[in-house]
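Observations on the model geometry
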Amino acid sequence: MSVSLTGQVALVTGASSGLGLGIAHALAEAGAAVGINYNAHAEPAEQAAAEIIALGGRARALKGDVSHEPDAIALVDAMVREWGALDILVANSGLQQDAPVAEMTLAQWDKVIAVNLTGQFLCAREAIRQFRKQGRRGVSKAAGKILCMSSVHEVIPWAGHVNYAASKGGVGMMMRTLAQEVASDGIRVNGIAPGAIRTAINKAETEGEAAERLLRLIPYGRIGEAADVAKAATWLVSDESDYVVGTTLFIDGGMALYPEFRGNG
Ligand code: NAD
């Protein structure tokens, strides 16, 4: 099976680091023109775009805060201005602001919901508007594909992270509702729920003694790498997964399988 995205145009949000950066490179390698969204750090996004272009691909770094409505609108507009269309959105931007519930401020709650959930809603809405406007354009069986970055905390409660877990639970239901609403337009919406993947968001938990503790929660026995997610994401936005609609694909080494019950509970 070879995955080709030749002629397609993809926007990846939060792509200046971690999973988004890996996905942007993978989509470009499969032949897509890629908009590499960043919010704060231009340099890694510009560098990724330069690397893709040096290899003969098409890419552009695009600044924008996904939780700010005018920015989400401008991001999709910029894709259409640059490449004439949008075929794929990977709504990946996300952050954590952790605190025990009694100490969590409203600002911490609001920020995480704004970026992780509202940001995905805004970008998905703009992508759907564009997909409907352009219709099927002969580069993919679908009229558009959206991939929502969720987390195992879509289903696993996470003490000390109620804002993050609530945002990812919301992403799961938003994704399924959007999938139901727009499938008849030929638009496929799916999600990915990573477990523990080595990136900046969880540096403290994936190194040293903390990594040993983390491994006890992963039946498959290793911490994930960005490439594990990038390969699955590329497949999920390609025609190879054309009949997959409204599904969350867990990429977690079995983390969501209640590993505490391995020894008969
Ligand atoms: P990361 O911190 O490297 O990436 C998050 C990206 O989102 C960063 O590039 C950041 O700049 C961007 N971002 C933050 N606020 C933004 C905003 N307002 N507008 C635009 N971009 C913004 O961490 P990551 O691990 O690559 O996380 C990517 C996604 O994967 C997140 O949604 C995260 O919740 C999810 N996730 C990661 C893991 C993991 O183990 N790494 C597990 C489950 C889910």
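The structure this text deals with has already been given above.
For the structure given in this document, a descriptive report is provided here. (Residues numbered from 1 in each chain as written. Predicted model: local features only at pLDDT ≥ 70, side-chain atom pairs only at ≥ 80, totals over all residues. Heavy atoms only, no water.)

For the protein chain, the count of helices and strands is seven helices and seven strands. For the protein chain, the succession of helices and strands along the chain, N to C, is β-α-β-α-β-α-β-α-β-α-β-α-α-β. By its C-alpha atoms, the protein chain is 50 × 45 × 40 Å across when sized along the principal axes. Here the protein chain holds 265 residues, and 49% of them are scored as buried. Taking the contacts inside the protein chain whose residues are at least 6 apart along the sequence as the reference set, 73% of them involve residues at least 24 apart. (Helix = DSSP H or I, 4+ residues; strand = E, 2+ residues; numbered from the N terminus. Buried < 20%, exposed > 50% of the residue type's maximum accessible area, 1.4 Å probe, protein only. Contact = heavy atoms within 4.5 Å.)

What follows covers the environment of Leu122. Residue position: Leu122 is located in helix α4 (residues 106-134). The exposure class assigned to Leu122 is buried, which follows from its relative accessible area of 6%. Beyond its immediate chain neighbours, meaning those up to four positions away, Leu122 contacts Val66, Ser67, His68, Glu69 and Ala72.

As summarised here, the arrangement of the seven strands in space is β3-β2-β1-β4-β5-β6-β7, forming an open sheet in which the pairing is parallel. Bordering the open sheet on either side are β3 (59-63) and β7 (248-251), each of which pairs with just one other strand. For this sheet, the mean inter-axis angle between neighbouring strands, taken without regard to orientation, is 20°. Against the sheet, helix α5 (residues 162-182) makes contact with β5 (144-149), β6 (187-194) and β7, and its axis sits at roughly 160° relative to β6, the strand it touches most. (Pairing = 2+ DSSP bridges. Axes fitted to C-alpha atoms, helices over the stretch in contact; angles between N-to-C directions.)

Before going further, it helps to examine the packing of α4 against α5. Put simply, α4 and α5 touch, their axes get as near as 8 Å, and they point 15° apart. As far as their axial angle goes, α5 and α4 are roughly parallel. Of the two elements, α4 crosses α5, and the hand of that crossing is right-handed. For the pair formed by α4 and α5, the contact residues are Gln108, Trp109, Val112, Ile113, Asn116, Leu117, Gln120, Phe121, Ala124, Ile128 and Arg132 on the first element and Val162, Asn163, Tyr164, Ala166, Ser167, Lys168, Gly170, Val171, Met174, Leu178, Glu181 and Val182 on the second. For the contact of α4 with α5, the residue count by class is 14 nonpolar, six polar and three charged. (Parallel < 35°, antiparallel > 145°, perpendicular 65-115°, else oblique. Left-handed = near helix turned anticlockwise from the far one by under 90°. Nonpolar A, V, L, I, M, F, W, Y, C, P; charged D, E, K, R; others polar.)

Our focus in this paragraph is helix α6 (residues 208-215). Every buried residue of α6 is accounted for by Ala210, Ala211 and Leu214. The arc enclosing the buried residues of α6, seen along the axis, measures out at 105°, which places them on a common side. Among the exposed residues of α6, those oriented more than 90 degrees off its buried face are Glu209 and Glu212. (Arc of directions from axis to C-beta.)

A separate point is the site of the ligand. In the region of the ligand, 27 residues are neighbours, and Ser17, Leu19, Tyr164, Ile197 and Thr199 sit closest. Contacts to the ligand include Gly195, whose backbone N or O atom sits 3.1 Å from an oxygen atom. Surface burial for the ligand is 93%, taken as the share of its 810 Å² of free accessible area covered by protein chains. Breaking the shell around the ligand down by element, the ones donating at least two residues are α1 (18-29) and α5. Within the shell around the ligand, the residues separate by chemical class into 10 nonpolar, 15 polar and two charged. (Near = heavy atom within 4 Å. Polar contact = N/O pair within 3.5 Å; in protein donor to acceptor, adjacent residues only side chain to side chain. Areas by Shrake-Rupley, 256 points an atom, 1.4 Å probe, with all protein chains shown as cover.)

This next bit is on the packing of aromatic side chains. Using the criterion set out here, one finds two aromatic pairs in the structure. A ring pair is formed by Tyr258 and Phe261, whose centres lie 6.4 Å apart and whose planes are at 90°; its orientation type is edge-to-face. For the residue pair Tyr258 and Phe261, the accessibility class agrees, reading exposed in each case. (Phe/Tyr/Trp six-rings, centres within 6.5 Å; stacked < 30°, edge-to-face > 60°.)

A few words on unusual backbone geometry. Despite not being glycine, Tyr258 has its phi angle at roughly 50°, a positive value. Position of Tyr258 among the secondary structure elements: in the segment after β7. Tyr258 gets classed as exposed once you look at its relative accessible area, which sits at 59%.

Of all six residues making up strand β2 (residues 33-38), six are buried, and the element is well covered by its neighbours. Here β2 shows a buried face lined by Ala33, Gly35 and Asn37 and a second buried face lined by Val34, Ile36 and Tyr38. Here strand β1 (residues 9-12) pairs with β2 via four bridges, running parallel. Residue pairing for β2: Val12 is matched across the bridge by Ile36. Considered for its hand, the β-α-β crossover made up of β1, α1 and β2 is right-handed. Running through helix α2 (residues 42-54), the crossover from β2 to the neighbouring parallel element β3 is right-handed. (Right-handed = clockwise from strand over helix to strand, strands pointing away.)

Looking now at a nonpolar patch on the surface. A contiguous nonpolar patch, built from Val101, Leu106, Trp109 and Val162 and spanning about 390 Å² of accessible area, is present on the exposed surface. For Trp109, the location among the structural elements is in helix α4. Taking relative accessible area as the criterion, Trp109 reaches 31% and is therefore assigned partly exposed. (Patch = residues over 30% accessible without salt bridge, like charges linked within 9 Å, V, L, I, M, F, W, Y side chains within 5 Å. Salt bridge = Lys/Arg side-chain N within 4 Å of Asp/Glu carboxyl O.)

Worth remembering: the numbers are spatial, not functional.
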